[in-house]
Amino acid sequence: MRSIFSGIRNAWDVICSCHRSDDATADGTILNFFLPRLTRGFFIRLGVIVVLSALLFGVVLLPCFISGASMEPTVKSVGLTFCWRGKYLFGREPQRGDIVIIEFTDRVFFLKRVVALPGETVEFRNGELYVDGVRQNEPYVKFVCDWNMPPRKVDPGNYYVIGDNRSMPMEEHKFGQVTRSRIIGAPLW
Amino acid sequence: MVIKIRKHWKIGLLILLLLAAAVTGWRIWKSRTPEGQVRRQLLQLVECVSKREGEGTAAGLWKGRAIAELFAPECTFEFRTEMFGGTYTPSEISADLARFRMMFAQVEVGMRKLVISFPTPTEATADFTGHLIGTLKHGATVDAVRELVCHLQEIDGEWKITSIMVREILER
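Conventions used here
Residues numbered from 1 in each chain as written. Chains lettered and ligands numbered in written order. Predicted model: local features only at pLDDT ≥ 70, side-chain atom pairs only at ≥ 80, totals over all residues. Heavy atoms only, no water. Helix = DSSP H or I, 4+ residues; strand = E, 2+ residues; numbered from the N terminus. Rg over C-alpha atoms; globule rule 2.2 N^0.38 Å. Buried < 20%, exposed > 50% of the residue type's maximum accessible area, 1.4 Å probe, protein only. Contact = heavy atoms within 4.5 Å. Areas by Shrake-Rupley, 256 points an atom, 1.4 Å probe, with all protein chains shown as cover. Lys, Arg positive; Asp, Glu negative; His and termini not counted. Charge placed at Lys NZ, Arg CZ, Asp CG, Glu CD. Buried area = accessible area lost by both parts, 1.4 Å probe. Salt bridge = Lys/Arg side-chain N within 4 Å of Asp/Glu carboxyl O. Disulfide = S-S within 2.5 Å. Pairing = 2+ DSSP bridges. Axes fitted to C-alpha atoms, helices over the stretch in contact; angles between N-to-C directions. Left-handed = near helix turned anticlockwise from the far one by under 90°. Nonpolar A, V, L, I, M, F, W, Y, C, P; charged D, E, K, R; others polar. Core = buried A, V, L, I, M, F, W, Y, C linked by side-chain atoms within 4.5 Å.

Q: Requested: an account of the overall build of chain B, with residues and values cited.
A: On a plain count of helices and strands, chain B comes out with four helices and six strands. For chain B, the sequential pattern of α-helices and β-strands runs α-α-α-β-β-α-β-β-β-β. Relative to the compact-globule value of 16 Å for 172 residues, chain B shows a C-alpha radius of gyration of 21 Å, a clear excess of over 25%. Dimensions of chain B, computed from C-alpha atoms along their principal axes, come out at roughly 70 × 45 × 40 Å. By residue count, 34% of the 172 residues in chain B fall in the buried class. When contacts within chain B are restricted to residue pairs at least 6 apart in sequence, those whose partners lie at least 24 apart make up 53%. As presented, chain B carries roughly 10900 Å² of accessible surface, and 63% of it is formed by carbon and sulfur atoms. Between the centroid of the 23 positive side chains of chain B and the centroid of its 20 negative side chains there is a distance of 14 Å.

Right under this line is the structure:
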């Protein structure tokens, strides 16, 4: 094992020797960056970066590829964002109007907006959203909507979420109340 | 360095063996706690519903019999968005499951985010996400995710399912 590793390191050094320089000028430094010497320090630094990246992008900032038009035009139908997990930690709760990320499966998330809080009643009349009988002002809804839905009470511990793009038939849009535990964060942008 | 490793390899091996024994002992103890028993019942439920491609009739019969053992004499099913709710006996559940499995060439059921709580020492509530992916015999695929809440009761030393509530992740 030791001899295999030594062999790989020697081969790497031979390949790099024609490009690498001990010159401390800018060119030498850049070449050393792309063709590093395989020393113990290098592997320690690499290990630290791998661990920190796994923690950052696996726990704190989940990369999310956006696919779907349910939040147009607020969020483009194709794009990349990160789920900021810390948004709703330490007692912070989603508020009306917040854009949230909802865990559907371990690999699929929904991006929706909170329109009603636990215990409130949600209703659609001719495309207009009513919460507890009060018509809501929704400047983020840009497309014409003609939905009608009888009043629904949001269960305790649940939040009512809908996308901003309500131009499609209601049956084709995934929306509804979701348990608080499924709201895992908010998009970073 | 090489000499030190050769000298201390026995100690290293002993530590590894002790560690393995500790982990094994902890897992055995955990499986015998009420939470471990409830978890085992739910895993058995998921296994009985799943069907591998080319599964034989004998395996299907065994699963039908096994699933009947998981339920209390009367079990209530509540579907928040469908109309199939009601109270069923274990034999009725077993028969319905057999019919359900016959529709599929292959079906896999997964269970995630399992949370088990004990309102009383003989009652348990299990909250989890069920993910069903399958291929029907005529080729269509099914991919469904639901939230399930199971209530179990300890009857004669075994945890039996007394009710199951199924709801959509986003429920209108």
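Q: Hey, could you go over the interface of chain A and chain B for me, with residue numbers and the actual values?
A: Between chain A and chain B, the contact holds 23 residues from the first and 13 residues from the second. Summed over both sides, the interface between chain A and chain B buries roughly 1500 Å², with carbon and sulfur atoms accounting for 46% of that surface. Of all residues in chain A, F104, Q177 and R182 of chain A give up the largest surface area on contact with chain B, accounting jointly for 35% of the area buried on that side. For the interface between chain A and chain B, the tally reads three salt bridges.

Q: Quick rundown of the state of the cysteines? Include the residues and the values.
A: Applying the stated criterion across every chain, the model contains zero disulfides over all chains. Free of any disulfide, C64 of chain A has its nearest neighbouring cysteine sulfur in C83 of chain A, separated by 5.3 Å.

Q: I'd like to hear about unusual backbone geometry, residue by residue, with values.
A: Residues and elements named next belong to chain A. Here E72 and P73 are connected by a cis peptide whose omega angle stands at -10°. As for its placement among the helices and strands, P73 is situated in the loop between strand 1 (61–67) and strand 2 (78–84). For N126, which is not glycine, the phi torsion reads 50° and is therefore positive. Here N126 is to be found in the loop between strand 5 (121–125) and strand 6 (128–131).

Q: So what about the sheet that holds strand 4 (residues 109–116) of chain A? Which residues, and what values?
A: Residue and element names in this part refer to chain A. The sheet built from seven strands is open, its strands ordered 1-2-11-3-4-9-10 with antiparallel pairing. Pairing within the sheet leaves two strands with one partner each, and these edge strands are strand 1 and strand 10 (176–179). Averaged over all pairs of adjacent strands, the angle between strand axes in this sheet comes to 50°, irrespective of strand direction. Of the pairings in the sheet, the one linking strand 1 to strand 2 comprises seven bridges and is antiparallel in character. Along strand 2, the bridge assignment pairs C64 with T81. Of the strands in this sheet, strand 1 and strand 2 are in contact with helix 3 (residues 40–60), which crosses strand 1 at around 55°.

Q: Before we move on, could you go through the packing of helix 3 (residues 57–68) of chain B against helix 4 (residues 90–102) of chain B and cite the residues and values that matter?
A: All names here are of chain B. Packing of helix 3 against helix 4 brings their axes to within 8 Å, and their N-to-C directions diverge by 145°. Helix-helix and strand crossings are classified by hand; for helix 3 and helix 4 the assignment is right-handed. On helix 4, the residues that touch G60, K63, G64, R65, I67 and A68 of helix 3 are P90, S94, L97 and R101. Grouping the constituent residues of the contact of helix 3 with helix 4 by class yields four nonpolar, three polar and three charged.

Q: Give a description of the nonpolar core that names residues and reports values.
A: In this structure, L42, L45, I67, F71, L152 and I164 of chain B are the most contacted members of the largest nonpolar core, which totals 32 residues. Going through the elements one at a time, helix 2 (34–49), helix 3, strand 1 (71–79), helix 4, strand 3 (104–120), strand 4 (123–136), strand 5 (141–155) and strand 6 (158–168) of chain B are the ones with two or more residues in this core. Sequence-distant contacts of L152 of chain B, defined by excluding residues within four places in its chain, comprise V38, T122, E123, A124, A126, W159, K160, I161 and T162 of chain B. Judged by nonpolar contacts, the second largest core, of 16 residues, contains Y140, V154, Y160 and M170 of chain A.

Q: Got a sec to walk through the pattern of salt bridges? Specific residues and values, please.
A: Applying the stated criterion across every chain yields a total of 20 salt bridges over all chains. Taking the shortest distance from any N to any O, the salt bridge between R180 of chain A and E93 of chain A comes out at 2.8 Å. One end of the pair, R180 of chain A, is in the loop between strand 10 and strand 11 (183–187); the other, E93 of chain A, is in the loop between strand 2 and strand 3 (99–103), with 87 residues separating them in the sequence. For R180 of chain A, a relative accessible area of 19% puts it in the buried group. Of the residues examined, E93 of chain A reaches a relative accessible area of 36% and is grouped as partly exposed. Residue K30 of chain B is joined to E35 of chain B by a salt bridge in which the shortest nitrogen-to-oxygen separation is 3.9 Å. With relative accessibility at 30%, the residue K30 of chain B sits in the partly exposed group. Judged by relative accessible area, which is 27%, E35 of chain B ranks as partly exposed. Linked by salt bridges that have partners in common, E47, R52, E55, K63 and R101 of chain B make up one network.

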